[in-house]
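Per-entry structural report
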Amino acid sequence: MGSRIILSLSFLLVTQMSFAGSAPDQEQFDINSSIEKLDKINYLPNLLPVILNNKDFIGLTEEQIGKLEDWRRENRQPMLAAMKQAAVKRIKIKQAALSPTISSARLQQMQNDIFRLQRQILEYKLSCRDNVVRTFNDENWTSFFMVLADEDIGVSVPVIFSEK
């Protein structure tokens, strides 16, 4: 009987240790998954990577590329940090919603924190869009919409450009 208890406790200890090792991996997976979901519900597409990957075809000058890369250098990390923070908070609110000790008011506060972060992310994306609008000329737009027609990012080409 005693050996069964020791064997059971040993088995329990080994399984707990193996799960403890995978917890950070699962947490990182959950964060990345939440970031992807948040990105899908964000209505502004991520266009800067598409633009910079196709800068030659779009016909960007070195000066234009510099302006876009300057924006990226200044804003990319803070935007990604806000996205990660929103993803972490999204996971926490899902977990908190299952706890009977968490009040509705606390859940609302948590949701408001997520909304605030989503607003920050929107402001970064609008800032990027404004930078692109200021940087592109008419020829860049025409070439860019040709790139978008080939990319599958869920953006349709405006009719005025698709007729060209």
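Here the residue index of a chain counts from 1 through its sequence in written order. Local features in a predicted model are, by the rule used here, given only for residues with pLDDT of at least 70; side-chain atom pairs are given and counted only at 80 or more, and totals for whole chains, interfaces and linings are based on all residues. Note: side-chain values were computed over all heavy atoms of the structure, leaving out hydrogens and water.

1. A word on the confidence of the model for the chain
Scored from 0 to 100, pLDDT reflects the predictor's confidence in each residue. Taken residue by residue, the chain gives an average pLDDT of 80. The fraction at 70 or more is 66%. For this analysis, residues touch if any pair of their heavy atoms sits within 4.5 Å. For the stretch residues 1-22, pLDDT sits under 50, and the model shows zero contacts to residues farther than four places along the chain or on other chains.

2. Topic: the pattern of salt bridges
For salt bridges, the criterion is a side-chain nitrogen of Lys or Arg within 4 Å of an Asp or Glu carboxyl oxygen. One pass over the full model with this rule turns up five salt bridges. As a salt-bridge pair, Lys 67 and Glu 63 come within 3.8 Å of each other at their nearest N and O atoms. Highlighted residues: Lys 67 and Glu 63, both in helix 4 (residues 62-97), separated by four residues, approximately one helical turn. Remark: exposure states derive from per-residue accessible area (1.4 Å probe, protein chains only) relative to the maximum for the residue type, with buried under 20%, exposed over 50%, and partly exposed in between. On the basis of relative accessible area, Lys 67 is assigned to the partly exposed category, the value being 39%. On the accessibility criterion, Glu 63 (58% relative accessible area) is exposed. Notably, a salt bridge pairs Arg 119 with Glu 123, separated by 3.4 Å at the nearest N-O pair. Here Arg 119 pairs with Glu 123, and both are found in helix 5 (residues 104-135), just four residues apart, close to one helical turn. Its relative accessible area of 44% is what places Glu 123 among the partly exposed residues. For helices the rule is a DSSP run of H or I covering at least 4 residues; for strands it is a run of E covering at least 2, with both sets numbered from the N terminus onward.

3. Here's the deal with the nonpolar core
Inside soluble globular proteins, nonpolar side chains tend to come together where they are buried. Throughout, nonpolar core names a set of buried Ala, Val, Leu, Ile, Met, Phe, Trp, Tyr and Cys residues whose side chains join them through atoms within 4.5 Å. Judged by nonpolar contacts, the single largest core of 16 residues is most densely connected at Ile 51, Ile 58, Leu 60, Leu 68, Phe 136 and Phe 144. At the level of secondary structure, the elements contributing two or more residues to this core comprise helix 2 (48-53), helix 4, helix 5 and helix 6 (138-150). With residues near it in sequence (within four places) discarded, Phe 144 still touches Leu 47, Val 50, Ile 51, Ile 58 and Phe 136. By size, the runner-up hydrophobic cluster in this structure holds six residues, among which are Ala 82, Ala 86, Leu 117 and Ile 121.

4. Quick word on helix 5
Compared with an ideal rise of 1.5 Å per residue, which puts 32 residues at 46 Å, helix 5 spans 46 Å between its outermost C-alpha atoms and is within 8% of the ideal. Restricting attention to buried positions, one finds in helix 5 the residues Met 110, Ile 114, Leu 117, Ile 121, Lys 125, Cys 128, Asn 131, Val 132 and Thr 135. One fewer than the residue count of a helix, multiplied by 1.5 Å, yields its expected span.

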